[in-house]
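Each chain, letter by letter, is given below.
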Protein chains: 2
Amino acid sequence: MDLVVGIDIGGTKTKIGLVNQQGDNVAQNFFRTKEYPELQDYLAKIATSIQELTATINASHNLIGIGIGAPNASSVKGTIENAANLPWKGSVPFIEELQKHIALPIKLMNDASAAALGEMLFGAAKGMTDFMVITLGTGLGSGIVANGQLIQGYDGFAGELGHFDLTFGDGRLTGLGVDGGLEAYVSATGLKRTIMYMLSMHMDQSRFRDIAYSDLHGEEITQAAEEGDPIAIKAFDYTSKILGHALANFVTFTQPEAIFLLGGLTSSGKWIFDTTKHYMENHLLDVYKGKVKLLPSGMHGKNAAILGAASLIWNEVK
Amino acid sequence: MDLVVGIDIGGTKTKIGLVNQQGDNVAQNFFRTKEYPELQDYLAKIATSIQELTATINASHNLIGIGIGAPNASSVKGTIENAANLPWKGSVPFIEELQKHIALPIKLMNDASAAALGEMLFGAAKGMTDFMVITLGTGLGSGIVANGQLIQGYDGFAGELGHFDLTFGDGRLTGLGVDGGLEAYVSATGLKRTIMYMLSMHMDQSRFRDIAYSDLHGEEITQAAEEGDPIAIKAFDYTSKILGHALANFVTFTQPEAIFLLGGLTSSGKWIFDTTKHYMENHLLDVYKGKVKLLPSGMHGKNAAILGAASLIWNEVK
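Residues numbered from 1 in each chain as written. Chains lettered and ligands numbered in written order. Predicted model: local features only at pLDDT ≥ 70, side-chain atom pairs only at ≥ 80, totals over all residues. Heavy atoms only, no water.

## Here we look at the relation of the copies chain B and chain A
Moving on, step 1. You can overlay chain B on chain A at an RMSD of 0.0 Å; the transform is a turn of 180° with a shift of 0.0 Å along its axis. In short, the pair behaves as if placed about a two-fold rotation axis.
Moving on, step 2. Same-surface contact between copies: 100% of interface residues of chain B are shared with the interface of chain A. (Least-squares fit on C-alpha atoms with pLDDT ≥ 70 in both. Contact = heavy atoms within 4.5 Å.)

See below:
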């Protein structure tokens, strides 16, 4: 049985899984990224984690490669550069260094781009040649596929739509200091910021008058909306309006057949999907109206990040 | 000698040329589009024009196909749909109808996308796999190449960046009614509108206080800027600021190696290029800074539209 190692490097956890060609995650484990602030220690931990994982597989098997999804990763250069939430600073030649520990073929990619490949191989984008994946977590990530190929860009940093700026000089700042950057509005963090904004703009009664910013959680905002909390409902509407408008703009670029939403914020369900669809459709040029599907990821319930990372290798095999 | 027929369908003129594999336009003619308001008459005129052109070639030759660039054209469907400046309304199955007059292979594409292919085959983008072409004429068109392939989109309408909207509710309207659409600011028409805007905002002396909107021409605005006219200088700065900011945003999408500017507005030279480069660089994310070239088209002085159209066929041959 051929298996691919899929690794998702996150600021909190590093997840490692073994994935077969059908997209089944046959074994997985994780460790805390921040416990390995020295790069060489971290790489050695990856190598031993892979050994531990393969030891759990009884059937005979053959590892054919390692796919890695990480923030600020360049697929072209094999580097991770200035990732705000990872312990290693500057430009890290990640593939080159990991290759010293492990002899398998290694591929590295921006995590949202890896998610797009995963969606194409194992998710709801099977058979599609033109689509986008938008990940809505702490920030906003994006992976774009056109002509059946992932768009990687000149040196591997395509698809940074979280930093697409929507305003001209009076917008919210992202973590990178981008004025009006999309992810400052549309992400789990953006939704919390919008709750604050709505509390500033309106005098409605709301449970959120008694909760500090740091104590806010997405699930509670969804629940409040379900119960009719006017601040929560206004916050979802505002978020969806900005996302819908932005997506309608993005369609003028690559005209995708579908846009998939993935990540924490999408667990708010209709509060994000129905309203975003409405605003997007309203803003689409006539030539695009009725042609662009807004869909939940087909990776829901699976370990999307590991499957996405593994798809970097499986995509080469097919 | 193998030749391709390149046809550029414009609202005013239809240009037809014969192009060899080196990108030489060995013969060309044109006729006025509006003289053939009936589609069948127009198609017959194209057929006879091609016959007339080939009759002028003394060497033995072989026509291998017809490439056509047109506004609102779908490369996927072979249609021209609701083109505001062409006489035929609705969705015209252009390839299907022209095929009844001519037995050669025919390809059709949005004119700005055809220009991008032309730039790759015969212009300054030779050898590049990730770049964009922005055409700045009456409107703003765009052609986007990623992974060495033109992005066409789900049904052939990718790259409508002239209608990318920059504002949220208080922008200029484009010809299609898009609020804040980029081409309402950045195009030959946009520059004229900006002259009006600057006359409204400032009380500077200017030659443009004595010229009506309908009498304004781009060359005169460039000349006025050269002579120090403050309204002209402010108008170029405003145009470049918006273009530079928009291009910096577009880079987050496909991370092109270069962006080529083409069309009437680019004859303003440094008044567009230097300032746009400055504003673009200012707005680029750190990860992109210093990596994106802003360049004039390599098709300057050639018949870019005919070569772009012919490249639809030559691109298949290579």
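Structure shown, so let's carry the discussion forward.
## Some points on the interface of chain B and chain A
Moving on, step 1. Each partner contributes residues to the interface: chain B has 40 residues there, and chain A has 40 residues.
Moving on, step 2. Where chain B abuts chain A, roughly 3,600 Å² becomes buried across the two surfaces, and 60% of that area is made up of carbon and sulfur atoms.
Moving on, step 3. At the boundary of chain B with chain A, the tally comes to two salt bridges.
Moving on, step 4. Here aspartate 155 of chain B ties to lysine 291 of chain A by a salt bridge, and the two come within 2.8 Å at their closest N and O atoms. (Buried area = accessible area lost by both parts, 1.4 Å probe. Salt bridge = Lys/Arg side-chain N within 4 Å of Asp/Glu carboxyl O.)

## Re the side chain of serine 75 of chain A
Residue and element names in this part refer to chain A.
Moving on, step 1. With respect to the secondary-structure elements, serine 75 resides in the loop between strand S5 (73–74) and strand S6 (79–81).
Moving on, step 2. A distance of 2.4 Å separates a polar atom in the side chain of serine 75 from a polar atom in the side chain of glutamine 152.
Moving on, step 3. Filtering out sequence-adjacent residues up to four positions away, serine 75 remains in contact with Leu108, Met109, Gln152 and Gly156. (Helix = DSSP H or I, 4+ residues; strand = E, 2+ residues; numbered from the N terminus. Polar contact = N/O pair within 3.5 Å; in protein donor to acceptor, adjacent residues only side chain to side chain.)

## So, the confidence of the model for chain A
Moving on, step 1. This prediction gives chain A a mean pLDDT of 93; 99% of its residues lie at or above 70.
Moving on, step 2. Prediction confidence for the complex, expressed as pTM and ipTM, is 0.92 and 0.90 respectively. (pLDDT = per-residue confidence, 0-100.)

## Re the sheet that holds strand S3 (residues 25–32) of chain A
All names here are of chain A.
Moving on, step 1. Spatially, S3-S2-S1-S4-S8 is the arrangement adopted by the five strands of the open sheet, whose pairing is mixed. The sheet is open, and its two edges are formed by S3 and strand S8 (106–110), each paired on a single side. Across this sheet, the average inter-strand angle for adjacent strands is 20°, counted without regard to direction.
Moving on, step 2. Where strand S1 (residues 2–9) and strand S4 (residues 62–70) come together, seven bridges link them in parallel fashion. In the sheet register, isoleucine 7 faces S4, and the bridge partner there is isoleucine 68.
Moving on, step 3. Across the sheet, helix H1 (residues 39–55) lies against S1, strand S2 (13–19), S3 and S4, angled at about 150° from S3, the strand it touches most.
Moving on, step 4. Those strands touched by helix H3 (residues 111–122) are S1, S4 and S8, and its axis lies near 110° from that of S8. (Pairing = 2+ DSSP bridges. Axes fitted to C-alpha atoms, helices over the stretch in contact; angles between N-to-C directions.)

## Some words on the sheet that holds strand S2 (residues 13–19) of chain B
All names here are of chain B.
Moving on, step 1. With mixed pairing, five strands are arranged side by side in an open sheet as S3-S2-S1-S4-S8. The open sheet has two edge strands with one neighbour each: strand S3 (25–32) and strand S8 (106–110). Averaged over neighbouring strand pairs, the angle between their axes works out to 20° when direction is ignored.
Moving on, step 2. This element, helix H1 (residues 39–55), spans strand S1 (2–9), S2, S3 and strand S4 (62–70) of the sheet and lies at about 150° to S3.
Moving on, step 3. Strand contacts of helix H3 (residues 111–122): S1, S4 and S8, with the helix running at about 110° to S8, the strand carrying the most contacts.

## Things to note about the packing of helix H4 (residues 188–201) of chain B against helix H6 (residues 230–254) of chain B
All names here are of chain B.
Moving on, step 1. In the contact formed by H4 and H6, the axes pass within 9 Å of each other and the chain directions differ by 120°. What the angle tells us is that H4 and H6 run oblique. Between H4 and H6 lies a crossing whose hand is right-handed. Residue-level contacts link Leu191, Thr194, Ile195, Tyr197, Met198 and Leu199 of H4 to Ile231, Ala232, Lys234, Ala235, Phe236, Tyr238 and Thr239 of H6. (Parallel < 35°, antiparallel > 145°, perpendicular 65-115°, else oblique. Left-handed = near helix turned anticlockwise from the far one by under 90°.)

## Details of the packing of H3 of chain A against helix H8 (residues 304–317) of chain A
The axes of two packed helices give the description: the angle between them and the distance between them.
Residues and elements named next belong to chain A.
Moving on, step 1. Contact geometry for H3 and H8: axes closest at 7 Å, N-to-C directions at 70°. What the angle tells us is that H3 and H8 run roughly perpendicular. You can see that H3 and H8 cross each other, and the crossing is left-handed. Touching Ala114, Ala115, Leu117, Gly118, Met120, Leu121 and Phe122 of H3 are Leu307, Gly308, Ala309, Ser311, Leu312, Trp314 and Asn315, all from H8.
Moving on, step 2. When its residues are assigned to classes, the contact of H3 with H8 shows ten nonpolar, four polar and no charged. (Nonpolar A, V, L, I, M, F, W, Y, C, P; charged D, E, K, R; others polar.)

## Examining the packing of aromatic side chains
Moving on, step 1. Per the counting criterion, the structure on display carries 22 aromatic pairs over all chains.
Moving on, step 2. On the basis of an interplanar angle of 40° and a centroid distance of 6.0 Å, the ring pair of tryptophan 88 of chain A and phenylalanine 94 of chain A is categorised as tilted. For the pair tryptophan 88 of chain A and phenylalanine 94 of chain A, one class covers both residues: buried.
Moving on, step 3. Look at phenylalanine 253 of chain A and phenylalanine 250 of chain B: their rings are 5.4 Å apart centre to centre, the planes differ by 70°, and that puts the pair in the edge-to-face class. Of the two residues, phenylalanine 253 of chain A is situated in helix H6 (residues 230–254) and phenylalanine 250 of chain B in helix H6; the pairing between them involves two chains. Residue phenylalanine 253 of chain A shares its accessibility class with phenylalanine 250 of chain B, and that shared class is buried.
Moving on, step 4. By the ring-pair criterion, three or more aromatic residues cluster together here, those being Phe164, Phe250 and Phe253 of chain A together with Phe164, Phe250 and Phe253 of chain B.
Moving on, step 5. The residue whose ring lies beneath lysine 13 of chain B is phenylalanine 30 of chain B, and the NZ or CZ to ring-centre distance is 4.4 Å.
Moving on, step 6. Here the guanidinium or amino end of lysine 192 of chain B rests over the ring plane of tyrosine 213 of chain B, the centre of that ring lying 4.7 Å away. (Phe/Tyr/Trp six-rings, centres within 6.5 Å; stacked < 30°, edge-to-face > 60°. Buried < 20%, exposed > 50% of the residue type's maximum accessible area, 1.4 Å probe, protein only. Lys NZ or Arg CZ within 6 Å of the ring centre and 35° of its normal.)

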